[in-house]
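Breakdown of the fold
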Amino acid sequence: MPARGAVTRSTLRQQIADALRDEVLAGRLQPGCEFTVKQIAEQYGVSATPVREALFDLSAQGLLESDQHRGFRVHQFTVADYRAMVEARTLVIDGVIRDVFRDQSPSPERQSKYREALVSVHRRAEEATRAARGGDLDILIGYDLRFWRELGALTGNAYISDFLHRLRVQAWMFAVPYLRGDADARDWLWKGHADLVAAVADRDREALRVVIDEYYSHARSWADRLVARGPARPGPEPQPPAADELAGPTHPGAA
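A quick note: this is a predicted structure, and the numbers were derived from the prediction, not measured.

1. Focus on the packing of helix 6 (residues 137-153) against helix 7 (residues 158-180)
Look at helix 6 against helix 7: their axes get within 9 Å of each other, and the N-to-C directions meet at 160°. With respect to helix 7, the axis of helix 6 lies roughly antiparallel. Helix 6 and helix 7 meet at a crossing whose hand is right-handed. Mapping the contact onto sequence places Leu137, Asp138, Leu140, Ile141, Asp144, Leu145, Trp148, Arg149, Gly152 and Ala153 in helix 6 and Ser161, Asp162, Leu164, His165, Arg168, Val169, Trp172, Val176, Leu179 and Arg180 in helix 7. Here the residues of the contact of helix 6 with helix 7 are counted per class, giving eleven nonpolar, three polar and six charged.

2. Quick notes on the nonpolar core
Burial of nonpolar side chains together is a common tendency in soluble globular proteins. Among the nonpolar cores identified, the biggest contains 68 residues, and Phe35, Trp172 and Leu196 are the most heavily contacted of them. Broken down by element, the residue count for this core peaks at eleven residues, all from helix 7. In contact with Leu196, not counting residues within four places along its chain, are Phe147, Trp148, Leu151, Trp190, Leu208, Val211 and Ile212.

3. A word on the sheet that holds strand 3 (residues 71-74)
Read across the sheet, three strands follow the order 1-3-2 without closing on themselves; strand pairing throughout is antiparallel. Each edge of the open sheet carries a strand with a single partner, namely strand 1 (34-35) and strand 2 (64-67). In this sheet, strand 3 lies alongside strand 2 in antiparallel orientation, the contact comprising four bridges. Residue pairing in the sheet places Ser66 in a bridge with Phe72 of strand 3. Helix-sheet contacts for helix 3 (residues 48-60) involve strand 1, strand 2 and strand 3, and the interaxial angle to strand 2 is about 120°.

4. Considering the packing of helix 8 (residues 193-201) against helix 9 (residues 205-229)
One can describe the packing of helix 8 onto helix 9 by two numbers: an axis separation of 8 Å at closest approach and a directional angle of 155°. Accordingly, the angle class assigned to the pair helix 8 and helix 9 is roughly antiparallel. Here the hand of the crossing between helix 8 and helix 9 comes out left-handed. For the pair helix 8 and helix 9, contact is made by Asp195, Leu196, Ala199 and Val200 and by Ala207, Leu208, Val211 and Ile212, respectively. In the contact of helix 8 with helix 9, the residues fall into seven nonpolar, no polar and one charged.

Conventions adopted
Residues numbered from 1 in each chain as written. Predicted model: local features only at pLDDT ≥ 70, side-chain atom pairs only at ≥ 80, totals over all residues. Heavy atoms only, no water. Axes fitted to C-alpha atoms, helices over the stretch in contact; angles between N-to-C directions. Helix = DSSP H or I, 4+ residues; strand = E, 2+ residues; numbered from the N terminus. Parallel < 35°, antiparallel > 145°, perpendicular 65-115°, else oblique. Left-handed = near helix turned anticlockwise from the far one by under 90°. Contact = heavy atoms within 4.5 Å. Nonpolar A, V, L, I, M, F, W, Y, C, P; charged D, E, K, R; others polar. Core = buried A, V, L, I, M, F, W, Y, C linked by side-chain atoms within 4.5 Å. Buried < 20%, exposed > 50% of the residue type's maximum accessible area, 1.4 Å probe, protein only. Pairing = 2+ DSSP bridges.

Keep in mind that these numbers describe shape and distance, not what the molecule does.
Rendered as structure tokens:
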């Protein structure tokens, strides 16, 4: 019984963290929004312990800031932060590229596992590309996060995969408030997922380099555009999510 209770609490903690992360990525909890453990616990009708644990988890991921006297606040990233995220991701992916081509004669078993993993990544890429072309931001975020998570997992290094995933979540967190209010947002959604998977599947070093360079250039150009336009207009004062959001991630593929 004690072990079963521990699993239940851990699951509730993760559900709360997932629900709040979805609210942030959807733009309903905007940068600077403040709330307390008590508010979230009352909103969901749960005890304070799993809520506190979930909020500290999100703080450790860089999504929230904790204040001893005021509770928690959604972190506000700057354009400089975003540029640094893109640069860090590019440097790590550059290392991943070298790793992909390090083993010039992989064993049949490794080739088989690699191909199986690519099937799932390819599906995520197709869905992400389709959502980007359609300008469907909510669908895109979920598939994009899952895409990069699974692509990073191809390295077999959990630390790299987690690092890339965390940076991607932070990048979306920064981008969402700008994209929601931009009539031209569809033009600025990156659509190179399928091209990237194709280059990895073909083990085409040059094609892979071209796609990564295009991604970096695209992100840098968008950051330049934000600086030229000035800060995004603040939206209405966001509220903590409703209790019925506790079901977990709402973005497709974001599990």
